[in-house]
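Given next are the chains, with one letter for each unit.
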Amino acid sequence: MTEIHTRHTRTSRLPRALPSWSLVAAGVLAGGLLGGAYGVLKTPTYTATSYVIAVPTERSDTATALGFAQAYGRVATQLAVLGDAGKSAGVPLATLRDSVRTATSPDAPMVAVSATSTRPARAAAMADAVAGALTRHADGVKAGTHVELLWFSKAVKPTAPASASPGVTGLVGASAGGLLGGLVLLTRPGRRPAEETAPAASVPGPAVAADAHGRP
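This one's a predicted model, so the numbers in the text were calculated from it and none came from an experiment. (Residues numbered from 1 in each chain as written. Predicted model: local features only at pLDDT ≥ 70, side-chain atom pairs only at ≥ 80, totals over all residues. Heavy atoms only, no water.)

(A) Representation of the overall build of the protein in the model. Along the protein, the regular secondary structure elements total 10 helices and four strands. Written out in order from the N terminus, the α and β elements of the protein read α-α-β-α-α-α-β-β-α-α-β-α-α-α. Taking contacts inside the protein between residues at least 6 apart in sequence as the whole, the part at least 24 apart equals 78%. On the protein, roughly 14,300 Å² of surface is accessible, and the fraction owed to carbon and sulfur atoms is 62%. (Helix = DSSP H or I, 4+ residues; strand = E, 2+ residues; numbered from the N terminus. Contact = heavy atoms within 4.5 Å. Areas by Shrake-Rupley, 256 points an atom, 1.4 Å probe, with all protein chains shown as cover.)

Right, here's the structure in full:
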């Protein structure tokens, strides 16, 4: 009995394992801190957008203008247009290729030219430069297309960054960290059955005198 009591005392002194949810909590905390730090240290970027619209001439119609607007949306990021735009914007061709994106609508004959930069004024200048080069390119072939490309709205210098704020990156990092912690928790090896199912040691009670010496 003394030996069993000693073993129980030693076992109770062993440090208890952390609960399972602590791994998920640690992942959320670490991910949130890393995501927030990324948002603070990353240089903010700004996006400006310029719009041009395709207008049919007397020998064309709205459906034709809509089709050419889709085509000009794809042409805007080609070498011929970007090369012309780079001269007026004063930026390398590679910068325009990496920074400029276009979007079109299936319902309106309009092309949106967006440019992203760490400087708001440069973002607006690049968007306008590409839109202007695109209108000149379209003007040169309008005798055959019967569609004219006109300015609809020039880019406005952005006042707020388009990149995610530290709060948003922190939330994204916390979500990713919690998910990773949950996956690790699900895939870690389980405890040994012997540790979970082993019954606690019990102290045998004193034997009844009749059982110890036999019944008369």
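(B) Representation of the environment of T49 in the model. Structurally, T49 can be placed in strand 1 (residues 46–56). Using a relative accessible area of 23% as the deciding quantity, one classes T49 as partly exposed. When sequence neighbours within four positions are dropped, the list of residues in contact with T49 reads A112, V113, S114, A127, K154, A155 and V156. Of the polar contacts made by the side chain of T49, one reaches the side chain of S114; its length is 2.8 Å. (Buried < 20%, exposed > 50% of the residue type's maximum accessible area, 1.4 Å probe, protein only. Polar contact = N/O pair within 3.5 Å; in protein donor to acceptor, adjacent residues only side chain to side chain.)

(C) Layout of the nonpolar core. By size, the foremost hydrophobic cluster in this structure holds 29 residues, and its most contacted members are L96, V111, V130, L134 and L149. It is helix 6 (residues 120–140) that contributes the most residues to this core, 10 residues altogether. Apart from residues lying up to four places away in sequence, L149 is in contact with V52, I53, A54, Y72, L134, T135 and A138. (Core = buried A, V, L, I, M, F, W, Y, C linked by side-chain atoms within 4.5 Å.)

(D) Quick look at the pairing of strand 3 (residues 110–117). Counting buried residues along strand 3, six of its eight residues qualify, which places the element largely inside the surrounding structure. As defined by bridge partners, strand 1 adjoins strand 3 across eight bridges and the pair is classed as antiparallel. Counterpart to T49 in the pairing with strand 3 is S114. When strand 2 (residues 100–104) meets strand 3, the two strands line up antiparallel, connected through five bridges. When the sheet's bridge partners are listed, V100 is paired in strand 3 with A115. Hairpin connection, strand 2 to strand 3: the antiparallel pair is bridged by five residues. (Pairing = 2+ DSSP bridges.)

(E) View of the side chain of S114. Along the polypeptide, S114 turns up in strand 3. Since its relative accessible area comes to 18%, S114 is described here as buried. Once residues lying within four places of it in the same chain are set aside, the contact partners of S114 are T47, A48, T49, S99, V100 and R101.

(F) Highlighting the sheet that holds strand 1. Within the open sheet, the four strands sit side by side as 2-3-1-4. Their pairing is antiparallel. If you trace the sheet from one side to the other, it starts and ends with strand 2 and strand 4 (147–153), each paired once. Taken pair by pair, the neighbouring strands of this sheet meet at an average axis angle of 25°, ignoring direction. Each of strand 1, strand 2, strand 3 and strand 4 touches helix 3 (residues 62–75); the most contacted strand, strand 1, lies at about 145° to it. (Axes fitted to C-alpha atoms, helices over the stretch in contact; angles between N-to-C directions.)

(G) Focus on the packing of aromatic side chains. Taken as a whole, this structure holds one aromatic pair when the rule is applied. Across from the ring centre of W151, 5.2 Å away, lies the NZ or CZ of K154, which sits over that ring. (Phe/Tyr/Trp six-rings, centres within 6.5 Å; stacked < 30°, edge-to-face > 60°. Lys NZ or Arg CZ within 6 Å of the ring centre and 35° of its normal.)

(H) Highlighting the pattern of salt bridges. Applying the stated criterion across every chain yields a total of three salt bridges. When the shortest N-O distance is used, the salt bridge between K142 and D139 registers 3.3 Å. The class of K142 is partly exposed, set by a relative accessible area of 30%. Put simply, K142 and E148 hold a salt bridge, and the shortest N to O gap is 3.9 Å. One continuous salt-bridge network, built from bridges that share partners, spans D139, K142 and E148. (Salt bridge = Lys/Arg side-chain N within 4 Å of Asp/Glu carboxyl O.)

(I) View of the side chain of S99. Take S99: it is sitting in helix 5 (residues 93–99). The exposure class of S99 is buried, given its relative accessible area of 13%. Here the side chain of S99 touches T95 through a polar contact of 2.8 Å, landing on its backbone oxygen. If we ignore the near neighbours within four places in the chain, the residues touching S99 are S114, A115, T116 and M126.

(J) Structural detail: the environment of T64. With respect to the element layout, T64 can be found in helix 3. The class for T64 is partly exposed, based on a relative accessible area of 29%.

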